[in-house]
Amino acid sequence: MDFMELVKERYSVRRFSDRVVEKEALDKIIEAGRWAPTAANFQPQRLLIIKSPDELAKLKECTRFDFKSPLVIILCYDRTISWKRRYDGHDGGPEDVSIVSTLMMLQATELGLGTTWIGSFDPAMVKRAYNLPYHIEPVVILPLGYAADDSQPNPLHFKRDEMKDKIFIK
């Protein structure tokens, strides 16, 4: 599949089937994230893979979103090793995780799987629910699985602003 076709095909799946994600597919998705570029190649990303029903149920305490996916990846970063900008101390961890997540989502799409990015969650509750160490910061909750037969992209998915309104040349 052509890259732009892949980009356009990917949408936020909000309804998943109960079909199990095969280990081989999950391994490829994780490998795509492993190859993502990170600031100074520090690779601070940390992945919490949640499969068991009891562990998946804990997410209900952390976010109002539940798309009933058979698997969830919580993408985090280790703030003890993430790159920091020397001018103002800005931590590049969230950007690194965003890049990792994007490549994983695109790999999932190529494999016929769906994802959705959940950014609306309580990080402190995620850390407590999953007993994450103080230095591990959750950035995104990524439900992963096969889209349900009736899953459709949100109508706004196809609405795109013209790039001429987004580009400034000086």
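In short, a report on the structure. (Residues numbered from 1 in each chain as written. Predicted model: local features only at pLDDT ≥ 70, side-chain atom pairs only at ≥ 80, totals over all residues. Heavy atoms only, no water.)

1. Details of the overall build of the protein chain
Alright, step 1. In terms of helices and strands, the protein chain carries five helices and four strands.
Alright, step 2. Reading the secondary structure of the protein chain in the N-to-C direction produces α-α-β-α-β-α-β-α-β.
Alright, step 3. Radius of gyration (C-alpha) of the protein chain: 17 Å, near the 15 Å computed for a compact globule of 170 residues.
Alright, step 4. Expressed as lengths along the three principal axes of its C-alpha atoms, the size of the protein chain is roughly 50 × 45 × 30 Å.
Alright, step 5. Restricting to contacts in the protein chain with at least 6 residues of sequence separation, those with at least 24 account for 78%.
Alright, step 6. With an accessible surface of roughly 10500 Å², the protein chain has 55% of that area assigned to carbon and sulfur atoms.
Alright, step 7. Charged side chains in the protein chain number 25 positive and 25 negative. The centres of these two groups are separated by 5 Å. (Helix = DSSP H or I, 4+ residues; strand = E, 2+ residues; numbered from the N terminus. Rg over C-alpha atoms; globule rule 2.2 N^0.38 Å. Contact = heavy atoms within 4.5 Å. Areas by Shrake-Rupley, 256 points an atom, 1.4 Å probe, with all protein chains shown as cover. Lys, Arg positive; Asp, Glu negative; His and termini not counted. Charge placed at Lys NZ, Arg CZ, Asp CG, Glu CD.)

2. Things to note about the sheet that holds strand 2 (residues 71-78)
Alright, step 1. Strand order in the open sheet formed by four strands is 1-2-4-3, and the pairing between neighbours is antiparallel. On the outer flanks of this sheet lie strand 1 (45-50) and strand 3 (114-115), each paired with one strand and no other.
Alright, step 2. Alignment of strand 1 against strand 2, held across six bridges, turns out to be antiparallel. Within strand 2, the position partnered with Ile 49 by the bridge is Ile 73.
Alright, step 3. The sheet contacts of helix 2 (residues 23-34) involve strand 1, strand 2 and strand 4 (136-145), and relative to strand 1 the element is tilted by about 165 degrees.
Alright, step 4. Its contacts with the sheet put helix 4 (residues 93-110) on strand 1, strand 2, strand 3 and strand 4, and the angle it makes with strand 2 is roughly 150 degrees. (Pairing = 2+ DSSP bridges. Axes fitted to C-alpha atoms, helices over the stretch in contact; angles between N-to-C directions.)

3. Some thoughts on the nonpolar core
Alright, step 1. Ile 73, Leu 75, Leu 113 and Leu 144 are the most contacted members of the largest nonpolar core, which totals 20 residues.
Alright, step 2. At the level of elements, helix 2, strand 2, helix 4 and strand 4 are the ones that each hand at least two residues to this core.
Alright, step 3. With five residues, the single largest contributor to this core is helix 4.
Alright, step 4. Excluding residues within four positions of it along the chain, Leu 113 makes contact with Val 21, Ala 25, Ile 29, Ala 108, Leu 144, Gly 145 and Tyr 146.
Alright, step 5. Ile 50, Phe 67, Val 72 and Ile 118 belong to the second-largest nonpolar core, a separate cluster that totals 19 residues. (Core = buried A, V, L, I, M, F, W, Y, C linked by side-chain atoms within 4.5 Å. Buried < 20%, exposed > 50% of the residue type's maximum accessible area, 1.4 Å probe, protein only.)

4. Looking at helix 2
Alright, step 1. The end-to-end C-alpha distance of helix 2, which contains twelve residues, comes to 16 Å, matching closely the 16 Å that a straight helix rising 1.5 Å per residue would cover.
Alright, step 2. Burial in helix 2 covers these residues: Ala 25, Leu 26, Ile 29, Ala 32 and Gly 33. What you see down the axis of helix 2 is that its buried residues fit within an arc of 120 degrees, all on one side. In helix 2, the exposed positions that point more than 90 degrees away from the buried face belong to Lys 23 and Glu 24.
Alright, step 3. Tucked into the core, helix 2 has its buried residues touching strand 1, strand 2, helix 4 and strand 4. (Expected span 1.5 Å × (residues − 1). Arc of directions from axis to C-beta.)

5. Considering unusual backbone geometry
Alright, step 1. Phi is positive for Ala 40, close to 55 degrees, though the residue is something other than glycine.
Alright, step 2. Looking at the element boundaries, Ala 40 is found in the loop between helix 2 and strand 1.
Alright, step 3. A relative accessible area of 53% means that Ala 40 is categorised as exposed.
Alright, step 4. A positive phi is found at Lys 68, a non-glycine position, where the angle reads about 55 degrees.
Alright, step 5. Structurally, the position occupied by Lys 68 is in the loop between helix 3 (53-58) and strand 2.
Alright, step 6. Judged by its relative accessible area of 59%, Lys 68 is exposed.

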